[in-house]
Amino acid sequence: MTDKQSGSRSFSGELDDKTRTFIEDFASSWELANNARMEGRVLGLLMIVDEPYLSSAQIGQLLQASTGAVSMATRSLVIVGFLKRHNIPGDRAHYFRVEDDVWGTFLSGEREYLRRMKGAITGGLGILDSEAASPRTRLRNAERYMTWLEGYHRKMLLDWEAYRDAHENDHTTTRDETP
């Protein structure tokens with residue numbers, strides 16, 4: 001729904017028990033991967049709710065979470081590429097959405113992290129003296145790993161897109177069908 005005067009959306013939906021359970025299960029899995037639980041709750045919510053975007057206030061209301069917790073979670077998720085900001089002209093509220101292929105978007109964005117990390121490692125190599133054999137070996141291996149992983153990410157993203165597109169109309173979940 002849209003408020004015609006401000007252009008902002010007024011979503012007053014409530015979450016049913018099944019949706020809440022999904023969000024909490026998703027957040028638990030997210031947390032087990034050493035991520036913040038609130039990030040998992042926000043991402044789970046935006047993945048399951050049939051809305052193109054939600055405001056920070058709507059997210060907080062639906063998750064029964066504080067403004068600060070939602071703000072920290074959305075900021076982190078935007079930085080790593082899981083969420084996108086959505087702007088409405090004339091509306092100062094912060095809105096967020098997930099792409100239909102949030103995982104492919106994340107994989108694509110992760111390459112920027114690899115480039116930044118490789119730059120930091122290269123800087124470290126530049127400050128070592130010639131007698132620092134062990135640190136030089138560690139940093140060179142880290143640099144090589146980042147280079148290898150960056151190239152592999154390109155291949156992995158292409159493989160993922162081909163797999164996704166081949167299964168575009170398949171609405172079933174198959175567990176043993178990995179490439």
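Residues numbered from 1 in each chain as written. Predicted model: local features only at pLDDT ≥ 70, side-chain atom pairs only at ≥ 80, totals over all residues. Heavy atoms only, no water.

What follows covers the overall build of the chain. Secondary structure summary: the chain contains six helices and three strands in total. Secondary structure elements of the chain occur, N-terminal to C-terminal, as α-α-β-α-α-β-β-α-α. Expressed as a percentage of contacts within the chain between residues at least 6 apart in sequence, the contacts between residues at least 24 apart total 54%. Carbon and sulfur atoms form 52% of the exposed surface of the chain, whose accessible area is close to 11,900 Å². (Helix = DSSP H or I, 4+ residues; strand = E, 2+ residues; numbered from the N terminus. Contact = heavy atoms within 4.5 Å. Areas by Shrake-Rupley, 256 points an atom, 1.4 Å probe, with all protein chains shown as cover.)

Per the counting criterion, the structure on display carries eight aromatic pairs. With centroids separated by 5.8 Å and ring planes inclined at 40°, the aromatic side chains of Phe-22 and Phe-26 adopt a geometry described as tilted. You can see Phe-22 and its partner Phe-26 sitting in helix H1 (residues 17-32), four residues apart, about one turn around the helix. Note on Phe-26: relative accessible area 15%, which makes it buried. (Phe/Tyr/Trp six-rings, centres within 6.5 Å; stacked < 30°, edge-to-face > 60°. Buried < 20%, exposed > 50% of the residue type's maximum accessible area, 1.4 Å probe, protein only.)

Counting across every chain of the model gives nine salt bridges. With its nearest N and O atoms 2.7 Å apart, the salt bridge here joins Arg-97 to Glu-99. Lys-155 serves as the salt-bridge partner of Asp-159, at 2.7 Å between the closest nitrogen and oxygen. Remark: Lys-155 and Asp-159 occur in helix H6 (residues 133-166); sequence separation between them is four residues, near one turn of the helix. A relative accessible area of 44% means that Lys-155 is categorised as partly exposed. Beyond isolated ion pairs, a larger network of salt bridges with shared partners links Glu-24, Glu-31, Arg-37 and Arg-41. (Salt bridge = Lys/Arg side-chain N within 4 Å of Asp/Glu carboxyl O.)

Moving on: the packing of helix H5 (residues 102-127) against H6. Here H5 crosses H6 at 160°, and the two axes come no closer than 9 Å. Between H5 and H6, the crossing angle belongs to the class labelled roughly antiparallel. By crossing handedness, the relation of H5 to H6 is classed as left-handed. Looking at the contact of H5 with H6 residue by residue, the class counts come to 12 nonpolar, six polar and nine charged. (Axes fitted to C-alpha atoms, helices over the stretch in contact; angles between N-to-C directions. Parallel < 35°, antiparallel > 145°, perpendicular 65-115°, else oblique. Left-handed = near helix turned anticlockwise from the far one by under 90°. Nonpolar A, V, L, I, M, F, W, Y, C, P; charged D, E, K, R; others polar.)

Attention now moves to helix H4 (residues 67-80). With 14 residues, H4 should cover 20 Å at 1.5 Å per step; its first-to-last C-alpha distance of 20 Å lies within 8% of that length. Buried within H4 we find Val-70, Ala-73, Thr-74 and Leu-77. For H4, the buried positions fall inside an angular range of 95° around the axis, keeping them on one side. With respect to the buried face of H4, the exposed residues turned more than 90 degrees away are Met-72 and Ile-79. Buried residues belonging to H4 abut H1, helix H2 (37-48), helix H3 (56-63) and strand E3 (95-97). Positive backbone phi, approximately 95°, marks Gly-81, located one or two places after H4. (Expected span 1.5 Å × (residues − 1). Arc of directions from axis to C-beta.)

Here the focus is the confidence of the model for the chain. Averaged over all residues, the pLDDT of the chain is 86; the fraction at 70 or higher stands at 88%. pLDDT under 50 marks residues 1-10. Its contacts with residues more than four places away, or in other chains, come to 20 contacts. (pLDDT = per-residue confidence, 0-100.)

In this section: a nonpolar patch on the surface. A surface patch of nonpolar side chains, about 430 Å² in accessible area, is lined by Tyr-145, Trp-148, Tyr-152 and Met-156. Following the sequence through the fold, Tyr-152 ends up in helix H6. In this structure Tyr-152 comes out as partly exposed when scored by relative accessible area, which is 39%. (Patch = residues over 30% accessible without salt bridge, like charges linked within 9 Å, V, L, I, M, F, W, Y side chains within 5 Å.)

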